[in-house]
Amino acid sequence: MSHIVLLGDSIFDNALYVAEGMEVVCHVRAALGRQGEVSLLARDGSVLGDVEAQVARLAELPAPPTWLVVSCGGNDVLPLVGAMQTPVRSVLEAAELLASWQAEFRRAYRHMLDVVLSQRVPVAVATVYDAIPNLAPGLRTALAPFNDVILREAAARALPVLDLRLACAEAADYASSSPIEPSAQGGRKIAAAIAALVAAHDPGARRTVVYGAAAPDA
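These remarks concern the structure in this document. By convention here, each chain's residues receive numbers from 1 onward along its written sequence. Since the coordinates come from a predicted model, pLDDT governs what is reported: local features require at least 70, and pairs of side-chain atoms require 80 or more to be given and counted, while whole-chain, interface and lining totals use all residues. Excluding hydrogens and water, the side-chain figures rest on all heavy atoms present in the structure.

1. A few points about the overall build of the protein
Part 1 of the reasoning: Check the secondary structure of the protein and you find eight helices and six strands.
Part 2 of the reasoning: Helix and strand assignments follow DSSP, with helices taken as H or I runs no shorter than four residues and strands as E runs no shorter than two, numbered in order from the N terminus. Listed by position from the N terminus, the elements making up the protein come as β-α-β-α-β-α-α-β-α-α-β-α-α-β.
Part 3 of the reasoning: Radius of gyration (C-alpha) of the protein: 17 Å, near the 17 Å computed for a compact globule of 218 residues.
Part 4 of the reasoning: If you line up the protein on its principal axes, its C-alpha atoms span 60 × 35 × 30 Å.
Part 5 of the reasoning: Each residue is assigned to one of three classes by its accessible area relative to the maximum for its type, calculated with a 1.4 Å probe on protein chains only: buried under 20%, partly exposed between the two thresholds, exposed over 50%. Each of the 218 residues in the protein was classed as buried or not, and the buried ones make up 47%.
Part 6 of the reasoning: A fraction of 76% describes how many contacts in the protein between residues 6 or more apart in sequence connect residues 24 or more apart.
Part 7 of the reasoning: As displayed, the protein has an accessible area near 10,500 Å², and 56% of this comes from carbon and sulfur atoms.
Part 8 of the reasoning: Under the convention used here, Asp and Glu are negative, Lys and Arg are positive, and both His and the chain ends fall outside the count. Charge positions come from single atoms, namely NZ of Lys, CZ of Arg, CG of Asp or CD of Glu. Separation between the mean location of the 17 positive side-chain charges and that of the 23 negative ones in the protein comes to 5 Å. Radius of gyration here is computed from C-alpha atoms only, and the compact-globule reference equals 2.2 Å multiplied by the residue count raised to the power 0.38. We call two residues in contact whenever any of their non-hydrogen atoms come within 4.5 Å of each other. Here the open area of atoms and residues is found with the Shrake-Rupley method and a 1.4 Å probe, where only the protein chains shown may cover a residue.

2. Focus on the pattern of salt bridges
Part 1 of the reasoning: By salt bridge we mean one thing: a side-chain nitrogen of Lys or Arg within 4 Å of a carboxyl oxygen of Asp or Glu. Applying the stated criterion to the full structure yields nine salt bridges.
Part 2 of the reasoning: For E153, the salt bridge is made with R110, and the minimal N-O distance between the two is 3.0 Å. Of the two residues, E153 sits in helix α6 (residues 144-156) while R110 sits in helix α4 (residues 91-117), which places them 43 residues apart along the sequence.
Part 3 of the reasoning: The exposure class of R110 is partly exposed, given its relative accessible area of 40%.
Part 4 of the reasoning: What you see here is one network of salt bridges that share partners, running through R110, D114, E153 and R157.

3. Considering the packing of helix α1 (residues 24-32) against helix α8 (residues 184-200)
Relative orientation and spacing of two packed helices are given, respectively, by the angle between their axes and the distance between those axes.
Part 1 of the reasoning: Axes, fitted as lines to C-alpha atoms, cover a helix only where it is in contact. Angles between the N-to-C directions of the axes lie from 0 to 180 degrees. For the pair α1 and α8, interaxial distance at closest approach is 8 Å and the crossing angle is 45 degrees. Judged by the inter-axis angle, α1 sits oblique to α8. Where α1 crosses over α8, the handedness of that crossing is right-handed. The residues of α8 that touch α1, namely those facing V24, H27, V28, A31 and L32, are A184, G187, R188, I190, A191, I194 and A195.
Part 2 of the reasoning: Following the grouping adopted for this structure description, the nonpolar residues are Ala, Val, Leu, Ile, Met, Phe, Trp, Tyr, Cys and Pro, the charged ones are Asp, Glu, Lys and Arg, and the polar ones are all others, Gly among them. Among the residues forming the contact of α1 with α8, the class breakdown is nine nonpolar, two polar and one charged. Relative orientations are named as follows: roughly parallel for angles under 35 degrees, roughly antiparallel for angles over 145 degrees, roughly perpendicular for angles from 65 to 115 degrees, and oblique for any other angle. For any helix crossing, the convention is left-handed if the near helix is rotated counterclockwise from the far helix by under a right angle, and right-handed if that rotation is clockwise.

Worth remembering: the numbers are spatial, not functional.
Put into structure tokens, the structure is as follows:
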């Protein structure tokens, strides 16, 4: 029996944005069936610095986790959207701004990973999705440096990656009430990808594999 614990933000804790029973955690439970249990410690609105408090709550769970799946970082980037509208004198100056924000994000992400990995439980991390309806192409491109941090840090630690950019690629994957949150359809896709990752990935292999969507026959 696997026990998957979901950490992070509203990508997993999306109850406010979908009908009851359509939450990501419910879809993960359905995808696992009798093969596993799921606990939700992720909280809507959380940033990278909040994951440490979520990890502290692992001791409250009735059974030890066999997987920690983390989706966090989007709320750290969100406050930068306003600053991204600021005029600059050159493309290079814009790139330098992104580089400084990326460096700060990297420090926070590394600390978060160190805290999660201290539990000595298999860990998977998720990227920040970017197919949000009406998201300007420039903002979508600006997300890439932050996702690069996630991918590089995961690879440095040989962690599997759940690439939400692949899992949630359609407008219907996002909630109508708040388009930066996963809809019921998006939640099902995320859950299927989590179940596929847990079923396929051998933590002992110490290698990074990117998982996007479940297999076509899943």
